[in-house]
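Given next are the chains, with one letter for each unit.
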2 protein chains.
Amino acid sequence: MEALRADMFDEICPSTLLPFRIGPDKWSALVIKCLEDGPRRFSELRVPLARVTPKVLTQSLRALERDGFIRRTEETTPVRRVTYELTDLGRGLLQQVYLLCDWSSEHWDELLDARES
Amino acid sequence: MEALRADMFDEICPSTLLPFRIGPDKWSALVIKCLEDGPRRFSELRVPLARVTPKVLTQSLRALERDGFIRRTEETTPVRRVTYELTDLGRGLLQQVYLLCDWSSEHWDELLDARES
DNA sequence: CCGTATCCTGACTGATACTG
DNA sequence: CAGTATCAGTCAGGATACGG
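Summary of the structure given here. (Residues numbered from 1 in each chain as written. Chains lettered and ligands numbered in written order. Predicted model: local features only at pLDDT ≥ 70, side-chain atom pairs only at ≥ 80, totals over all residues. Heavy atoms only, no water.)

**A look at the protein's contact with DNA strand D**
Argument step 1. Taken together, 19 residues are adjacent to DNA strand D, and Lys26 and Lys55 of chain A together with Ser43, Arg72 and Tyr84 of chain B come closest.
Argument step 2. Counting only atoms of DNA strand D within 4 Å of the protein, the sugar-phosphate share comes to 69%.
Argument step 3. Between DNA strand D and Trp27 of chain A there is a distance of 3.0 Å, counted from a phosphate oxygen to a side-chain nitrogen or oxygen.
Argument step 4. Within the side chain of Arg80 of chain A, an N or O atom sits 3.4 Å from a base nitrogen of DNA strand D.
Argument step 5. Secondary-structure elements contributing two or more residues to the surface near DNA strand D are helix H4 (54-66) of chain A together with helix H3 (42-46), helix H4 (54-66) and strand E4 (81-86) of chain B.
Argument step 6. Counting residues per element, the surface near DNA strand D draws most heavily on H4 of chain B, at four residues.
Argument step 7. Of the residues belonging to the surface near DNA strand D, the class tally is six nonpolar, three polar and ten charged. (Near = heavy atom within 4 Å. Polar contact = N/O pair within 3.5 Å; in protein donor to acceptor, adjacent residues only side chain to side chain. Helix = DSSP H or I, 4+ residues; strand = E, 2+ residues; numbered from the N terminus. Nonpolar A, V, L, I, M, F, W, Y, C, P; charged D, E, K, R; others polar.)

**Details of the relation of the copies chain A and chain B**
Argument step 1. In screw terms, the move from chain A to chain B is a rotation of 180° and a rise of 0.1 Å along the axis, fitting with an RMSD of 0.1 Å. One copy is carried onto the other by what is essentially a two-fold rotation axis. Measuring from the rotation axis to each C-alpha of chain A, the shortest distance belongs to Arg21 of chain A, at 2.4 Å.
Argument step 2. Interface overlap between copies is the fraction of interface residues in one copy that are interface residues in the other; for chain A against chain B it reaches 100%, indicating a shared surface. (Least-squares fit on C-alpha atoms with pLDDT ≥ 70 in both. Contact = heavy atoms within 4.5 Å.)

Structural measurements only, silent on function.
Spelled out as structure tokens, the structure:
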């Protein structure tokens, strides 16, 4: 299970092998997962999501914010610092992602078998 | 909950309000749901999925078949008859769809509230 | 540091018509 | 009945460069 969660970030995985998608776009599920351990800054999110361009990452963040899954906080003093964090609703959604990942990992071999033939 | 499941077929709903998507394409979740009560023929699926053109419906069915979620059975005698039915894997996926729908319905008002502001 | 602005491309979707 | 063929449109996603 933990292995699968990590594998979500593999090159082939998002929206190709996982049989589901959270949010309207391709990366929302991963963005939500990146916030599981607490608030993160934009530049911190870019590390695990290195394959996502800033434009697309911004789009995902805006969409998730609009839907109430994450909260954006901006402070300008002493330096510019923008943090994103899950709302209660977002944490609930994250749990659903976990459940889906658990189910997927239990049936991973069946999924791969079906793909091959 | 039952209301939400019905609402999945509403004009505005698929991939616009539901915060998830099953399968690579827009209609897979609904196709799977249409097979919940047993095998269905192509023309039977077209009734609840009236807004899906045959081409797109075929694409969804092929993708779901390739991934092992549904099974396609063709018989030519006495008449041409093609039926689609969920595999065990597909039934499992349907359960996951139900869980997501249940969660969504519990937080429906929060989702709508966030959308408005 | 935290994004925007352009431009571009391919994937997905759809309408319509047609066939074994 | 169960699709396919063809054409067209839209839109999310990505590359690259730039701005407050």
